Amino acid sequence: MAKDEKAKAMTEKAKGKAKEAVGRAVGNERMTAEGKADQVKGDARQAKEKGKDTFKH
């Protein structure tokens with residue numbers, strides 16, 4: 001289960017970076033902000049999983 005969550009976190013971060021880059025390229029501030037938000041969600045999910053791993057061992 002943890003690997004699935006970690007994969008989701010990495011995917012979310014990558015998707016956010018891509019969305020942010022596209023938003024900047026076309027000058028769309030909303031898309032840029034959404035991309036940054038997706039990256040933050042991915043970071044939070046990844047931190048949660050790292051915390052679980054720390055207490056697991």
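Summary of the structure given here. (Residues numbered from 1 in each chain as written. Predicted model: local features only at pLDDT ≥ 70, side-chain atom pairs only at ≥ 80, totals over all residues. Heavy atoms only, no water.)

1. Some points on the side chain of E5
Right, so step 1: Among the secondary structure elements, E5 is positioned in helix α1 (residues 2-26).
Right, so step 2: Looking at E5, the relative accessible area reads 12%, which means it is buried.
Right, so step 3: Within the local environment of E5, its side chain forms a polar contact with the side chain of R45, the two groups lying 3.1 Å apart.
Right, so step 4: Those residues in contact with E5, other than ones at most four positions away along the chain, are R45 and E49. (Helix = DSSP H or I, 4+ residues; strand = E, 2+ residues; numbered from the N terminus. Buried < 20%, exposed > 50% of the residue type's maximum accessible area, 1.4 Å probe, protein only. Polar contact = N/O pair within 3.5 Å; in protein donor to acceptor, adjacent residues only side chain to side chain. Contact = heavy atoms within 4.5 Å.)

2. Examining the environment of A33
Right, so step 1: Within the element layout of this structure, A33 appears in helix α2 (residues 29-56).
Right, so step 2: With 13 residues separating them in the primary sequence, A33 and E20 have C-alpha atoms 6.9 Å apart.

3. What about the pattern of salt bridges?
Right, so step 1: The tally for this structure, following the rule as stated, stands at 9 salt bridges.
Right, so step 2: Two residues, R45 and E12, come together in a salt bridge whose shortest N-O distance is 3.4 Å. Remark: E12 occurs in helix α1 and R45 occurs in helix α2; sequence separation between them is 33 residues.
Right, so step 3: Given a relative accessible area of 26%, R45 falls into the partly exposed group.
Right, so step 4: In this structure, E34 and K19 form a salt bridge, with 3.7 Å as the shortest nitrogen-oxygen distance. With E34 in helix α2 and K19 in helix α1, the pair connects residues that are 15 residues apart, well separated along the chain.
Right, so step 5: The exposure class assigned to K19 is partly exposed, which follows from its relative accessible area of 27%.
Right, so step 6: Through salt bridges with shared partners, one network takes in E5, K8, E12 and R45. (Salt bridge = Lys/Arg side-chain N within 4 Å of Asp/Glu carboxyl O.)

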